[in-house]
Structure formats: C-alpha cells, structure tokens
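Chain by chain, the residues run as shown.
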Protein chains: 2
Amino acid sequence: MARNKHPEQTVKLILDTASQLFFQKGYDRTTLQDIIDATKLSKGAIYHHFASKEAILIAVADRMGEYNTAVLAEVRDRKGLTGAEKLREMFRTAVRLSFQGGIVNMLPFLIENPKFLALQMESILNEAAPHYALPVLREGIADGSIRTDRPEELSEVLLILSDLWLHPILRPSTPEQVRARCTFFNQFTRQYGFELLDEDIIDAMVEFCRS
Amino acid sequence: MARNKHPEQTVKLILDTASQLFFQKGYDRTTLQDIIDATKLSKGAIYHHFASKEAILIAVADRMGEYNTAVLAEVRDRKGLTGAEKLREMFRTAVRLSFQGGIVNMLPFLIENPKFLALQMESILNEAAPHYALPVLREGIADGSIRTDRPEELSEVLLILSDLWLHPILRPSTPEQVRARCTFFNQFTRQYGFELLDEDIIDAMVEFCRS
DNA sequence: CAGATACAGACCGGCGGTCTGTATTATTCT
DNA sequence: AGAATAATACAGACCGCCGGTCTGTATCTG
C-alpha cells in the first residue's frame, strides 16, 4: 500500500504499539526498529507521521493526558455537587483510572523513564491545577464546603502531594506506610474543611501495593 | 603520560568537566566526545575510570548529594537549638546552597534532564527525609517546638513541597507567585507549631526569580 | 623484571534520522 | 468526463555519530 485512505489508523497503530513498548521496556530501551518490527511498517512511514522518536513519546503522553483531563472535566462540570464533593469525586476517579488498565502498567515505565515524570509535573502545574482543581476549589469556597484564602496554592499542593507523594505507584511502599500517608493527607485537607480519601480508596491503594 | 601518579586528579577532572557540560547542555546532549575534547583526555582514560556515561552522571549526582548532606548533617548535630530552630536553619542553608554557586546553574539542567529529577526525588524520600528531617522533627516534638503525631509523613511532605513545589528553580515564576507560595507554606507549617520561611529567604527567592 | 596501572586511540554495532523512490489518491484544468 | 498534475502515504537504502570495546603501550610498583 502506498497511499492509505485512512492514515489516522496508521497513526493510532504507531501510538498504540509505541506506548505498549515504552511501558514494557522504557523509552530509551525501545528502539525505532522495535516499533518497526511490531507495527510491520517502514521507517519512512513512521517518520512521515512523526518528526522524531521523542515526538512519539510526547504524542503518547498527550493522548493519555487528554483522556485523563476529559474525565476530570466531566466531574468539574457536573451539576448538583458541592465543591468538596466534586473534589472527592475527582480523586476517586483519578485513583480508579490509575489502577484499572491505565497507569498501573506504568510502574516500571515511570521509574525507568523520568522524562515522563517531568512531563507529568508540568501537566500538574500548568493544566490540572489551574483548569480543574482550582475552579472546583473556588466553587467549594463559594458554597462553603471548602475554606481557604489561597486556592491557587492549595490546588497545586493537593495535586503535587497526591500524584508525587501519596500515589504508591511511584515507589515501593508497605500497606502501613500507605495508610499512614493517607491519614496524614486527610488530616491535612481537614484543615480546609474537607476530606478526600475514604476507606474504599485507601483499601484500593493498599491492595494495589500488595501486588 | 601513561601512568599517572595521581589518578584521583584525573577522576576529578572528568567529574568537574562532565558536571559543567551536563549543566550547560543537559546529559543527553553531552556526548563523550564533548568530554574528551574538554578534558583533552582519551576515550580509554575515561572508560578506565568510569564504566559508562551514566556512571559519570551518577558520580556527579553523588558528589553533589554528599556535599549537601554533609552540610545538613552539621546542622542536625548542632547543639543548643530546638528542633524547630534546626529545621529553620536547615531550610536557610539549603536555600543558600542552592542559590550561591551550587544548584542555581542547574536550572536548565534539571529541566532538560529529568533523570536527575528522579534521582532527586529518590534521595529526598530515601535519604534526606528519614536521616535528616525526621530526627530533627523528633527532637522538636521532644522539646515542644513541633507538634505532630506523624513525623515520618510530615518530614516527607516538607521536603517534597520545598524541593519540588516551592523551589522556584524548577519553573518560571513571578515574584507574586513565589510570595504566595511561601505564605501558604508558612500557613501550612504553623499548623505544626513552627514557621520556616522568614522575610530574608523569601526575598532571596524572589530576587533569584528576577534573573 | 614481572605484573598492575593509567592511559591512548583505532574500531564496531547500532541507533536516530535523512533522502530518494514509488504507488495511490486528490485536485485542477480543459 | 478525463487527462495532467500535485500531494499524500508509505518503502527502504543510506549516513553520521554515539556509547562502548579492544588492543596496544608507557610508566610505576613490588
């Protein structure tokens, strides 16, 4: 085939295959030849759709990010919930997302490939915090379910702590450590009038650590 | 010269040159040829002292870490200070270290080279928190200058927040943002009975952001 | 004088990336 | 409508360079 009628399918194939390989072996250890072999495409095909190997990585990250933010946006725009309730729901879905299917398999990937860690920090501070957590915090302040005079900073700290500290994916932890961190996190948020982690989520995180 | 009487000097030369290059161009973009050109050594010499390019990076990181922890250990073991005072002193020296001479030049380096970011997170959670912040926190609890029932978690959160969130080095920030974050951070620690950032440090951070 | 040490530098496989070629589709012109 | 032309979607040979190895050699130590 020389001119495909549906090049988007080829792009999707490349992205799917590449992300799988990145997860398995890490970005550095995945060569273009690996992607070529797995997709049975040619080097020309891949470089026709992507400018570089790193462009593939960024596209993979973007696609993941878009899915996550779409889910978060849905919660943010839901009606009939207080700010605190929305925030709780966001955390629930974020944890659920990360555990089933999605980010779970990234364990070795994230560790092996710090480039992603940096991208994630960037997306936390430039996307998730200002566009998703912050408006919900503001709602919570308005409806009285959240108390703080610095929502901007609180939104950043909440996400930094949950993603980089609390989330057990990033490092090996014992169940006790996970529980202790969750308790501390709840103590922290209680200061602002709300609590995000209930027993269900904590159990899910603990359970994940066992495996 | 074929057999040097002081090979340690060669190692130091490699480490000094490499760290400088890593800072300037980032690890990935620094080639072994760059190091060879700058040191005027041969490839054989470098691979005689280091097993790989990454081994050089790790050695550079280790050397920096050793210097930092030595300074922190000195504060930790000082006599005649309360726990809260020691913690404050640790933060002061950490900021001072990072601004004058040391980590300042790492700005593009850390951003360009996420491998270091991962190493830093590891060292925060495995070294700095348990061995330096935690004992000081315990002292503070004993002498009444710090109040918390979860010193382990607090030590981790303090360092995560200060290093990855508060520290302006990692991302561009306006003076207002820096001040707001510092205020939030002080509000946070006040909850545990102490305050870490005084006007001097905040001014130093703001000043740094201008340049 | 016999290792062991501290280099020097040619050499190599493989990597990311480029470049040219070609088949197929879309567009334009008459 | 249909031929000419351009643009697209690949294929795959090719290239420069990079990290790493390997052999050779001069100097020091025991």
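Everything discussed here concerns the structure shown above.
Just so you know, these numbers come straight off a predicted model, no measurement behind them.

Asker: Outline helix α5 (residues 83–99) of chain B, listing residues and values.
Answerer: The first and last C-alpha atoms of α5(B) sit 24 Å apart over 17 residues, in line with the 24 Å expected at 1.5 Å per residue. All of the buried residues in α5(B) are B:G83, B:A84, B:K86, B:L87, B:M90, B:F91, B:T93, B:V95, B:L97, B:S98 and B:F99.

Asker: Run through the interface of chain B and chain A, naming residues and quoting values.
Answerer: Tallying the contact residues gives 26 residues for chain B and 26 residues for chain A. Summed over both partners, the interface of chain B with chain A comes to about 2600 Å²; 68% of that surface belongs to carbon and sulfur atoms. The tally of links from chain B across to chain A stands at two salt bridges. Among the ionic pairs, A:R181 bridges to B:E156, the shortest N-O distance being 3.1 Å.

Asker: Explain the packing of helix α1 (residues 7–25) of chain A against helix α4 (residues 53–76) of chain A to me, using residue names and the numbers behind them.
Answerer: All names here are of chain A. Where α1 meets α4, the axes come as close as 10 Å, and the angle between the chain directions of the two elements is 95°. Between α1 and α4, the interaxial angle falls into the category roughly perpendicular. Between α1 and α4, the residues in contact are K12, I14, L15, D16, A18, S19, F22 and F23 and I56, L57, A59, V60, R63 and M64, respectively. When its residues are assigned to classes, the contact of α1 with α4 shows 10 nonpolar, one polar and three charged.

Asker: Now, about the packing of aromatic side chains: what can you tell me, with residues and values included?
Answerer: In the structure shown here, the tally under the stated rule is 13 aromatic pairs over all chains. Pairing A:F188 with B:F188 gives two aromatic rings, centres 5.4 Å apart and planes at 80°, and the pair type is edge-to-face. In this pair, A:F188 sits in helix α9 (residues 175–190) while B:F188 sits in helix α9 (residues 175–190), so the two residues belong to two different chains. Looking at A:F188, the relative accessible area reads 1%, which means it is buried. Look at B:W165 and B:F184: their rings are 6.0 Å apart centre to centre, the planes differ by 75°, and that puts the pair in the edge-to-face class. Taken together, the residues B:W165 in helix α8 (residues 151–166) and B:F184 in helix α9 connect sequence positions 19 residues apart. We classify B:F184 as buried; its relative accessible area is 1%. Here the aromatic cluster, defined as three or more aromatic residues joined through ring pairs, consists of A:F91, A:W165, A:F184, A:F185, A:F188, A:Y192, B:F91, B:W165, B:F184, B:F185, B:F188 and B:Y192.

Asker: Give a description of the environment of B:E176 that names residues and reports values.
Answerer: Following the sequence through the fold, B:E176 ends up in helix α9. Sequence-wise, B:E176 and B:S98 are 78 residues apart; in three dimensions their C-alpha atoms are separated by 21 Å.

Asker: Residue-level account of helix α2 (residues 32–39) of chain B, with values.
Answerer: Residue and element names in this part refer to chain B. Those residues of α2 that sit buried are L32, D34, I35, I36 and T39. Tucked into the core, α2 has its buried residues touching α1 (7–25), α3 (43–49) and α4 (53–76). One side-chain oxygen of the residue at the start of α2 lies 3.2 Å from the amide nitrogen of Q33, identifying that residue as T31. Of the residues trailing α2, K40 is marked for its positive phi of about 60°.

The rules behind the values
Residues numbered from 1 in each chain as written. Chains lettered and ligands numbered in written order. Predicted model: local features only at pLDDT ≥ 70, side-chain atom pairs only at ≥ 80, totals over all residues. Heavy atoms only, no water. Helix = DSSP H or I, 4+ residues; strand = E, 2+ residues; numbered from the N terminus. Expected span 1.5 Å × (residues − 1). Buried < 20%, exposed > 50% of the residue type's maximum accessible area, 1.4 Å probe, protein only. Contact = heavy atoms within 4.5 Å. Buried area = accessible area lost by both parts, 1.4 Å probe. Salt bridge = Lys/Arg side-chain N within 4 Å of Asp/Glu carboxyl O. Axes fitted to C-alpha atoms, helices over the stretch in contact; angles between N-to-C directions. Parallel < 35°, antiparallel > 145°, perpendicular 65-115°, else oblique. Nonpolar A, V, L, I, M, F, W, Y, C, P; charged D, E, K, R; others polar. Phe/Tyr/Trp six-rings, centres within 6.5 Å; stacked < 30°, edge-to-face > 60°. Polar contact = N/O pair within 3.5 Å; in protein donor to acceptor, adjacent residues only side chain to side chain.

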